[in-house]
Structure formats: C-alpha cells, structure tokens
Amino acid sequence: MRQSLFVALCVIVSVVVLLNLSWEVGKAWTFANMGDMWSLIWLTEEPEAAFAEVDLQDFPAPPYPAAGDTLIEVAGLPATVDNYFSIFTPRTEPGLEVPIRFRSGGEVFETVIVTRSIPFENGLQILILTALRIPIALALLFIAIYGAVRRPGSIPVRYLSLFCLAIGAQVGGGIALAPSYAMFQLPYFITWSVAFLASAQPAAWLALNLHFPVEHSIVNRRRKLVGTVLLAIPVLHFTADRLFFDSRISPLSAPVSIVLISLGFLVLVRNHHKAGSFLEERQTRLMLLGVTPSMVIGLGLTLCVSIATDWFVSIAFITRMYMFILLFFAYLLVPLCIGQAIRRYRLLELEARLRRGTRFFVVNLLLIGVMLGSIYVIAHFVLDSLGVQSRTPTLVVGLVMALGFVPGQRKLRRALESRFYPEKARLRELLRDFLRTSLATADSGSFWEQLEQKLEDGLGTERILPVLRRPGCDQLMVEGIDQAPFREGDELVSRLRTGGHPMLVDELLASGKVEVTGDQRDWLTSSGSAILLPLRTSSGLEGFLALGRKTSEEDYSAEELELLQSLSSQVALVTENLELLEEKIQKERLDQQLEVARSIQERLLPDHSPRTPGLRVEALIRFCLEVAGDYYDVLTLEDGRTVVAIGDVSGKGVGPALLMANLQASLRTTQEIGVELAESVARINRLVYENTPTDMFITFFVMVFDPVNRTVRYVNAGHDWPMLFHADGRMEQLSTGGMVLGVVGDETYSAGEAAFGDGDTLILYTDGVTEAMDQEEKEFGLGRLAEVVRECSDRPPSELLEEIERRVILFHGGDDLYDDFTIIAIRPEEDR
C-alpha cells in the first residue's frame, strides 16, 4: 500500500511540474513573439520604476534615458507594474509608439518608445533555454517515476526519485519572467507547490546521499527523526521566505543551501570512500561527476542573487541569461548520470565518456583562447605599433591558426594524457607494440599467453579467458580448456555482438538488463571474471575475452576501460587471422592426406585394360573430389576367366577411398583362392559390416566371364542394374544378388547368369551417370543412356564411352558434375 502511494505521489507531482513547465514555456513563447521595449526596468507596486539597462534602439529620437534614471509615466499612467503590463500585453505588436516621462539628474524629460520584436541574441537565448529545460525536466520526471515503479521497495531509490522531482521542479520553475506574459493562468497552489519543491532541492540532495547507494547506519537507526528534520528544513525555509520576505529568494536561502549542499557532498565523498563494492563506488563517483557542476553553478547564482545583489543587477541582462544557459547545460548531466546510477549498468563506460568529453572541452577551450588572444594581440598591438592599417595580416594569422587547430588539439590532448594519465599512455604503447608483432603470430596458444602477460604487466589483470566461437558450432569454447555455457543465440552473446561495448560483470549481474542463465552466472562467478570484452570484426563476433580482477584488488578505471575497448577490435582481428590461419593449415594438412589417398587409389584402379581372353573391356572414371567413392576392377584368373567389378562407396573423401581399397583386396583374395562368387560377396559384406560405421555402405556388382561357354555369372549387391544389350535388340538388366554391402552382417547372396555372345554389349555404371541433372533438375536417366548405347552399337567400346560422357556433360550444362562418374563398356570378341 505504501509503495503504491509513493508511486502515485511521484505521478501527481510530475503532472504538477509539467503544468508549471507548460506555463513557463508559454511565457517564453509570448516574450519572444510580442512587441515590447527591450530596455530593462525594475517594476514594483510603487508609481515609479528605475531603468536597469537602456537599449537606445527603443527610442527613435532623443532625449534618451540612462541606466539609473527613473521612469515616471507610461502612456500617461504611473509606472507601476500593473499599468506597465496593461499597455505592453501579449497582444502588443511591433511598431507601437508609447509616450513616456522619465527623470534624469533632477529634470523630467518626455520621449517616445517604439515597440519592436525581440532582439536576435535575446531570442536565441530564450530558444536555447527552452530547448534545454523541456528535455531535462521530462528526463528527470521520467527517472523519478521509473525508479518508483521498478524498485518501489528500495528506500535509496525513493530518495533518488524525490531528488529528481526537486531538480525537475527547479528546472521547470521559470527564470523570472513576469506572470503577465503567460498564455494561461495557473492556480496559486500549483506555482507555490513547484516553488516549494524547488526550494527543497538542497534538503533532497542531503537526504539522497544519506540513503544512496545504501542507507547510512546512523539514518537506519533514526530513520523517522532524520526524515522529519529533512522535511522540516524546506518547509520552515519556504514559509519564512513567503511570510517575512515576500520573495522567492531571501537572505536565508544562500546560507541554508550552502550548508545542506555542502553536507550532501561531504556525505557523498564519505560514501565513495566507504563503498562496500566496486559497483557502489562507481555509482557514487558518477553522482559526483554528474551533479557537481550544476550544484556548484546553481549555488554560485544563488549567492550572487541573495548576497551580491547589487553586483548581479549591474551585470547586463544578456550576460545573466548566459549564466542561466550555462547552468542548464550543466543540468544535462544530472538525468544522464542519475539514470545510469539507478540502472546500475554501464556506469564506467558513461564515466569514461564524461571524462573524454571534459578533456575535449578543456583542450578546445584552451586552443580557442590562445587563438583569439593571439589574434587580438596581433591586431591591437603589433600591427598598430608598426603602423599597419590593413587587417589582412590578422586574417592570414587567423587562417594559419585555424589550419593548425586539429593537429594542435591532438598534440595537446596527448600532452594532457601523458601528464595526468601516464599509466594509460604507457599501457597503450605497450599493447600497440605487442599487437604490431602479433599480427604475424601463427600459434594461438602463445598469443593468448603473451596477451595475458602484457595485461598483467600493464593493468595487473589476474588472468584472461578467451571464449571463442568455433566454425560449424554454436557453442562457444574457452581457448585451450573446455566448453563454456555460452551459445550463439544467448541474449548475453547477442548483446556483445550488437552492442560491441565492454560489460562489467558486477553491473551485468546486478542490473538485470541482460538475461543471464544460472550456468552463465556460476561460470562468471567461479572464473573470477570482471570484464567481458567483445571481439568483433567486420564478419561478426569472434567471441569475447573474460578479464579477471586486478591483482591490486582495485577497480578498473574509466581510462582503462576505454583502452580495453579500443584494444578489443585489434585483438579480434588477430583472432580472426589466427582462425583463418588454422583453417588454412588444416586444409593444407587435409590436402596432403587427400593427395596421398588419391595416389593410393590411382594405383588400385587399373591403369590400362588388362588382357582378358574373349573379352574387350573399356572403362572411364571421373572424380568430383580429390578422392572418389567410385570403384572398379578388372582381374584375369589363371583359368582364363575374367572378373569385372564396379562399386560406389557412400560418401566422398578419404574414408570411402580406404574402404574401396579394402574391398578390392578382399575381392581379389577370395577370387584367387577360388571362392564361389555368391559366397565371396557374402564374406566381403561381413567384413564391411564389422569394420565400418553404420552410416557407410557399398553398392557393388561383380561378374565372372567364362570365355569357353560365353556366359556371365554375376552378383548384384544393391548396385544400379547393369544393362546387357543383345545383338537381336533385346536389353536385359542384371539384378540378381542381394542387399547393399555393410548393412546386414549375415545377408546371403545369390548369383545370376546370362548369355554373352557376339554382338552383345554390357554397360556397367554408377549413379553419377544416370543421376546427372540439367538446369531444371531433371535426371539423365536410364532411357537416355540406353539410347546412346543403341545409337553407337557399331562403335568401339572406347568411342562409346566418350560419346556417353559427352552426352552427359552436354545434358548437365558443364563438366562440373556433382557425383563420381564411372562407366564400363564390355563386349565379347575372339581371343586376342
């Protein structure tokens, strides 16, 4: 219930502040667009008013008043605040002539004021202020509501929300434009509520630091008392201002604000030094960086208005406006830093950016100051003393300085870094030299060892763990150790890939901004990882480096994080090169193995047609890889019979080739010792079944030709059926046999027999012939093969094979066949 009430309070206060902000924006819009006089007058309820500043462009002719003169009448009416705004209203247009009377040196003068549009510089100031106030106020109110909704039970976050509301009210509370400029009127309770909330900002600042990032022990013991005192201070302060001073800023404002803000800073510094973790230390440091500029500038303006009032009033209105613009620029840091502090995520990265931006601002400010000062000295002293009237030398000097601005900026920035961050410069040079020599490194293990040593020497990092992806695997691996609980699709890996920024592990686990699995949390904790550094190249994420804690037990600094981020892309490039080099070495090793296997295979295949009594055998084989899975053999037995075999081993590469060698050896052994053909195939099947993986098999056809009775005895073990073309035109397919080799260990096979006489042609082939496809993915098929054989029946077998090959290539549309291509043509003939 209490949590819901707090959320409702934040929403209601935010609405009130937004209404007041709209009211103030309306006043600024009217002020920038109406016709008015732009001399500054201090208006009161008294019938006379004093000129604070005089803009002579308001007066078309003399007499002209001066600063300090007294305005007596405006358009015949006493110069009270009500009379003034009855004449100069939001509907007043430029060009209106208004008579006035003023007193100067005891004399009374009459003159005319001509209203005009706002001067360009004043209009630009109003535009800048409005453009700054709106996003700052909206961001602060959003953070207040966001913190109340996301972590309603957290006492520190509640006080942070209250502080954001107070700052938001201060930003949206106006810059002293009269209510008469408003486009609509607000109830007094809204403007007073916003004024009270803005005046409570110093107390809210002290309360915040007593509770954030963790509640102070003294506050924890006396929470009610501390809360009552902190609430009573702004109430009493605001009441005193309204009752006794009738002013928004009283003499009490400056002392009270100084005391409260100073106490707040003291407590914040104490919290920073007493932080219980690196995360809390970063939160407090970010608060210091983000809030200090606006607090200091705002306090300075408060002192000027309340204590040095006469001096502040004597400053030109435009100058005072620039002071407010500077204040609001400083306010830009407040929601940025507070928002990150409450999210507890990417704190060190934001700190690094703030420091880098500060260095950039200081360097450019110094250079611009030197450049303008040099031009001024040359223009007003050197040239005048020499009597040179032309300003051309000044322009030349300005141009030369402008050309040297960027190189000078770079050198000055390096000089500042060397002066204030010598460790960073030394470490950058150390890592740059290391990476320059590492681009030619061929051993990944030594590279990571050397990098770990360099980071230990330069940063004091305990260890690094390269967690890298592997080709063809979505699991990331720790280099040289084992698997890590990270996959390509994990949210953490995706954030590293898309974000590309380092992640501090304690922020990652505390913020909940990125989903981390239990195994990943355990791994990050047990490995002692402090930073995850993504390794990204143009081709994607190579992995990440898990950097351990520092041996000094200190936190990583913002400068070190910047350096590591710049280092990551270079390490990623070396990682990619190492991966490519490793792939190249593996490919070369595989190529060597394939070359050896290819030479073995070529020796296994017949290098010429052997003498086959009563038979002419021609074979043609094409490889789609270095080592083929196709096989054929021609063997002449001692009794004059001829054995012809053809097979297709599943798969491609070295494995099928080695299996083919075993197949050939087994076939020759069984045939030479006279084993019957079907039994021979059965023995080979058992051998293949027992010695090969389950996903590897062989289609096989073997035949024995007897030249005496002109018959072919064969066994077909699941191979494409050979086609026997008889001289009388008939075509017979040789299909008798059994299952493919290597699938069933105890398979039995049967032998078939066919007559093979003069004029007959027997075609043995592998599926690379019939399954060759054209552009429309249609197969060459048995029909086209049979057609070619019949058309070329009168040609020698060698020419027949060449024609079949030509037709297949023509049909496929090129000679880049996808499968091994083997074909054998056999014809009976008289014994040579």
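Summarised in this report is the structure supplied together with it. (Residues numbered from 1 in each chain as written. Predicted model: local features only at pLDDT ≥ 70, side-chain atom pairs only at ≥ 80, totals over all residues. Heavy atoms only, no water.)

**Comments concerning the environment of Gly-781**
Relative to the helices and strands, Gly-781 is located in helix H26 (residues 781-791). Accessibility expressed as a relative area gives 19% for Gly-781, which makes it buried. Sequence-wise, Gly-781 and Asp-767 are 14 residues apart; in three dimensions their C-alpha atoms are separated by 9.2 Å. (Helix = DSSP H or I, 4+ residues; strand = E, 2+ residues; numbered from the N terminus. Buried < 20%, exposed > 50% of the residue type's maximum accessible area, 1.4 Å probe, protein only.)

**Description of the pattern of salt bridges**
For the coordinates displayed, the defined rule picks out 30 salt bridges. For Glu-73, the salt bridge goes to Arg-101, with nearest N and O atoms at 3.4 Å. Taken together, the positions of Glu-73 in strand E3 (residues 70-74) and Arg-101 in strand E5 (residues 97-104) put the pair 28 residues apart, joining distant regions of the chain. A residue is classified by how much of its surface remains accessible, and Arg-101, at 27% relative accessible area, is partly exposed. Taking the shortest distance from any N to any O, the salt bridge between Arg-668 and Asp-633 comes out at 2.8 Å. One end of the pair, Arg-668, is in helix H23 (residues 654-672); the other, Asp-633, is in strand E14 (residues 630-636), and 35 residues separate them in sequence. Judged by relative accessible area, Arg-668 falls into the partly exposed class, the value being 28%. Here Asp-633 falls in the buried class, since its relative accessible area comes to 2%. (Salt bridge = Lys/Arg side-chain N within 4 Å of Asp/Glu carboxyl O.)

**Regarding the packing of helix H1 (residues 2-33) against helix H5 (residues 188-199)**
As a packed pair, H1 and H5 sit with axes 9 Å apart at the nearest point and diverge in direction by 105°. The angle between H1 and H5 places the two elements in the roughly perpendicular class. Contacts between H1 and H5 involve Val-13, Val-16, Val-17, Leu-19, Asn-20 and Trp-23 from the first element and Ile-190, Thr-191, Ser-193, Val-194 and Leu-197 from the second. Each residue belonging to the contact of H1 with H5 can be placed in one class, and the counts come to 8 nonpolar, 3 polar and no charged. (Axes fitted to C-alpha atoms, helices over the stretch in contact; angles between N-to-C directions. Parallel < 35°, antiparallel > 145°, perpendicular 65-115°, else oblique. Contact = heavy atoms within 4.5 Å. Nonpolar A, V, L, I, M, F, W, Y, C, P; charged D, E, K, R; others polar.)

**Side note on the sheet that holds strand E12 (residues 540-548)**
An order of E9-E8-E7-E12-E11-E10 is seen for the 6 strands of this open sheet, with the pairing classed as antiparallel. Of all the strands in the sheet, the pair left with one neighbour each is strand E9 (483-487) and strand E10 (503-504). Relative to strand E7 (residues 464-470), helix H18 (residues 444-458) is tilted by about 145°, and along the sheet it contacts E7, strand E11 (529-537) and E12. Contacts from helix H19 (residues 491-499) reach E9, E10, E11 and E12 within the one sheet, and its direction differs from that of E11 by about 55°. (Pairing = 2+ DSSP bridges.)

**Points about the packing of aromatic side chains**
Across all of its chains, the model carries 15 aromatic pairs by this definition. Taking the centre distance of 6.5 Å and the plane angle of 25° together, the rings of Tyr-631 and Phe-700 count as stacked. Linking Tyr-631 in strand E14 with Phe-700 in strand E16 (residues 698-706), this pair joins segments that are 69 residues apart in sequence. Given the relative accessible area of 1%, Tyr-631 is considered buried. Its relative accessible area of 0% is what places Phe-700 among the buried residues. Grouping aromatic residues by their ring pairs yields a cluster made of Tyr-84, Phe-85 and Phe-88. The ring of Trp-23 has Lys-27 lying over it, and the distance from NZ or CZ to the ring centre is 4.3 Å. Above the plane of the ring of Phe-6 lies Arg-158, whose end atom (NZ or CZ) is 5.6 Å from the centre. (Phe/Tyr/Trp six-rings, centres within 6.5 Å; stacked < 30°, edge-to-face > 60°. Lys NZ or Arg CZ within 6 Å of the ring centre and 35° of its normal.)

**Observations regarding the sheet that holds strand E18 (residues 723-725)**
Taken in spatial order, the 5 strands make up an open sheet running E13-E23-E22-E18-E19, and their pairing is antiparallel. Strands at the two margins of the open sheet, each flanked by one partner only, are strand E13 (615-622) and strand E19 (731-733). Neighbouring strand axes in the sheet, compared pairwise and without regard to direction, differ in orientation by 15° on average. Two elements, E13 and strand E23 (residues 821-828), share 8 bridges in a ladder whose sense is antiparallel. When the bridges of E23 are listed, Arg-622 appears paired with Phe-821. Each of E18, E19, strand E22 (761-765) and E23 touches H26; the most contacted strand, E18, lies at about 30° to it. Here helix H27 (residues 797-812) sits on the sheet in contact with E13, E22 and E23, set at roughly 150° to E23.

**So, the environment of Ile-87**
Within the secondary structure layout, Ile-87 lies in helix H2 (residues 81-87). Not counting chain neighbours up to four residues away, the residues in contact with Ile-87 comprise Val-74, Ala-75, Leu-77, Thr-92 and Val-98.

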